[in-house]
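# Notes for the structure review
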Amino acid sequence: MEREALYDLLERLWDRYDREEFIADDPIAVPHRFTSRDDREIAGFLAATIAWGSRPVIVRNGLRMMRFLDDAPCDFVRNASERELATLAPFVHRTFNGGDLIHFIRAIRAMYARHGGLGRFVEASYAATGDMRRVLAAFREEFFRTEHPARCGKHVSSIERGASCKRLCMYFRWMVRRDERGVDFGEWRTIPPAALYMPLDLHSGTMARALGLLGRRQNDWRAVEELTAALRTFDAGDPVRYDFALFGAGIDGFLK
């Protein structure tokens, strides 16, 4: 496909999917229940953590997770007693279970105690490095400073091991990007959208390869860098807005 035609297609697909109608069926619906930055960033991180598998199941279980947190995630993180933490034990989404959730709540609480919030740590890390790749590595390392079983580690991907970090990149997109469409939150205002990397999954990867935007066959970090670099040639200031185009078109079977 010629570059101009590809640009026009990406723009049409972005316009089709970056709309409020996108929210209800996407995991971002979970943090959209809330209005405060702290509630959104906690709900968003937890929803992104379980964002694999069927989207309707992810949304349903994400909303159920919030009910376990009394629909007040920040207050629960800060103030829940050990007895209240124990009530999370029945939660399960695929391999993420109630024990994992309890340890995640403790780790988020520790990050609030040390840094004042998840976003404040991310913003400070970006201010210090100017490199979102280093921020992704630092976030995982800092999060798991809190004592946790080894099994918890699999629920936050490691860029240092070459993972695509799809769920963290998606979470960062939610919290950093801002436009008039109202889907992403734009709460972390000190980080430019230009710094973000694509949340690469099966659907967006398939579309990107079909359109000639991605040559690498594996969905790993090298593929993320390749795809993000290609999308920056179309919009250097906000390349990951095309996540809506590639993912939405992939979900809807655009190529069939």
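You'll find the structure just up there.
About the criteria used
Residues numbered from 1 in each chain as written. Predicted model: local features only at pLDDT ≥ 70, side-chain atom pairs only at ≥ 80, totals over all residues. Heavy atoms only, no water. 1 Å grid on protein atoms, 1.4 Å probe; cavity = no way out; pocket = protein on both sides within 12 Å on 5 of 7 lines; lining within 4 Å. Points joined across faces, edges and corners; volume = space filled by probe spheres on them. Helix = DSSP H or I, 4+ residues; strand = E, 2+ residues; numbered from the N terminus. Nonpolar A, V, L, I, M, F, W, Y, C, P; charged D, E, K, R; others polar. Buried < 20%, exposed > 50% of the residue type's maximum accessible area, 1.4 Å probe, protein only. Core = buried A, V, L, I, M, F, W, Y, C linked by side-chain atoms within 4.5 Å. Contact = heavy atoms within 4.5 Å. Axes fitted to C-alpha atoms, helices over the stretch in contact; angles between N-to-C directions. Parallel < 35°, antiparallel > 145°, perpendicular 65-115°, else oblique. Left-handed = near helix turned anticlockwise from the far one by under 90°. Phe/Tyr/Trp six-rings, centres within 6.5 Å; stacked < 30°, edge-to-face > 60°. Lys NZ or Arg CZ within 6 Å of the ring centre and 35° of its normal. Polar contact = N/O pair within 3.5 Å; in protein donor to acceptor, adjacent residues only side chain to side chain. Salt bridge = Lys/Arg side-chain N within 4 Å of Asp/Glu carboxyl O. Expected span 1.5 Å × (residues − 1).

### Remarks on empty space enclosed by the protein
According to the stated counting rule, one finds 1 cavity of 30 Å³ or more in the structure shown. Phe-45, Ala-48, Thr-49, His-155, Val-156, Ser-157, Cys-165, Lys-166, Arg-167 and Leu-168 are the residues that line the largest cavity. If you list the elements that add at least two residues to the lining of the largest cavity, you get helix H2 (37–49) and helix H9 (166–176). Residue composition of the lining of the largest cavity, by class: 5 nonpolar, 3 polar and 2 charged.

### A closer look at unusual backbone geometry
The residue Arg-94 is not glycine, and still its phi comes out positive at about 50°. Arg-94 sits in the exposed class, given a relative accessible area of 55%. Positive phi, close to 55°, is recorded for Cys-165, a residue that is not glycine. Tracing the chain through its elements places Cys-165 in the loop between helix H8 (132–143) and H9.

### Some points on the nonpolar core
Counting 92 residues, the largest nonpolar core has Leu-10, Phe-45, Leu-46, Tyr-171, Phe-172, Leu-213 and Leu-246 as its most contacted members. Apart from residues lying up to four places away in sequence, Leu-46 is in contact with Met-65, Met-66, Leu-69, Leu-101, Phe-104, Ile-105 and Ile-108.

### Points about the layout of surface pockets
Looking at the largest pocket, its volume works out to about 270 Å³. Taken together, 20 residues line the largest pocket, and the ones lying closest to its centre are Arg-55, Lys-166, Asp-201, His-203 and Phe-247. If you tally residues by element for the lining of the largest pocket, the top one is helix H12 (residues 242–251), at 4 residues. Broken down by class, the residue content of the lining of the largest pocket amounts to 11 nonpolar, 3 polar and 6 charged.

### Digging into the packing of H2 against H9
The description of two helices packed together rests on the angle between their axes and the distance between the axes. Two numbers describe how H2 lies on H9: the axes approach to 9 Å, and their chain directions differ by 150°. In this view, H2 runs roughly antiparallel relative to H9, as classed from their interaxial angle. Classified by chirality, the crossing of H9 by H2 is right-handed. Residues Arg-40, Glu-41, Gly-44, Phe-45, Ala-47, Ala-48 and Thr-49 of H2 form the contact with H9, whose participating residues are Arg-167, Leu-168, Met-170, Tyr-171, Trp-174 and Met-175.

### Description of the packing of aromatic side chains
Evaluation of the coordinates by the stated rule reveals 19 aromatic pairs. Measuring from centroid to centroid gives 5.4 Å for Tyr-171 and Trp-188, while their planes differ by 85°, and the two rings are edge-to-face. You can see Tyr-171 sitting in helix H9 and its partner Trp-188 sitting in the loop between H9 and helix H10 (202–210), a full 17 residues away along the chain. The exposure classification of Tyr-171 matches that of Trp-188, with both residues buried. Within the aromatic cluster, the residues linked to one another by ring pairs are Phe-45, Phe-68, Phe-91, Phe-96, Phe-104, Phe-121, Phe-139, Phe-143, Phe-144, Tyr-171, Phe-172 and Trp-188. Sitting over the ring of Trp-14, Arg-181 keeps its end group 4.2 Å from the ring centre. For the cation-ring pair, Arg-241 lies above Trp-14, with the distance from its terminal atom to the ring centre recorded as 4.5 Å.

### Some remarks on the environment of Leu-85
As for its placement among the helices and strands, Leu-85 is situated in helix H5 (residues 82–86). Excluding residues that lie within four positions of it along the chain, Leu-85 makes contacts with Phe-76, Ala-80, Ile-102, Ile-105, Arg-106 and Arg-109.

### Some remarks on the side chain of Arg-241
Relative to the helices and strands, Arg-241 is located in the loop between helix H11 (221–232) and H12. Looking at Arg-241, the relative accessible area reads 8%, which means it is buried. When near neighbours in sequence (up to four residues on either side) are disregarded, Arg-241 contacts Glu-11, Trp-14, Arg-177 and Asp-235.

### Comments concerning the environment of Thr-228
One can find Thr-228 in helix H11. Sequence spacing of Thr-228 and Gly-44 is 184 residues, and the spatial spacing of their C-alpha atoms is 22 Å. Once residues within four sequence positions are removed from consideration, Thr-228 is found in contact with Leu-196, Tyr-197, Met-198 and Pro-239. A polar atom in the side chain of Thr-228 sits 3.1 Å from the backbone nitrogen of Met-198.

### Regarding the pattern of salt bridges
Evaluation of the coordinates by the stated rule reveals 23 salt bridges. Look at the salt bridges and you will find they share partners, linking Arg-173, Arg-177, Asp-179, Asp-184, Asp-238 and Asp-243 into a network.

### Some details on helix H3 (residues 55–68)
In this model H3 runs 20 Å from its N-terminal to its C-terminal C-alpha over 14 residues, within 8% of the 20 Å that 1.5 Å per residue would give. For H3, the full list of buried residues reads Arg-55, Ile-58, Val-59, Asn-61, Gly-62, Met-65 and Met-66. Close packing links the buried residues of H3 with H2, helix H4 (73–79), strand E1 (92–93), helix H6 (98–115) and H12.

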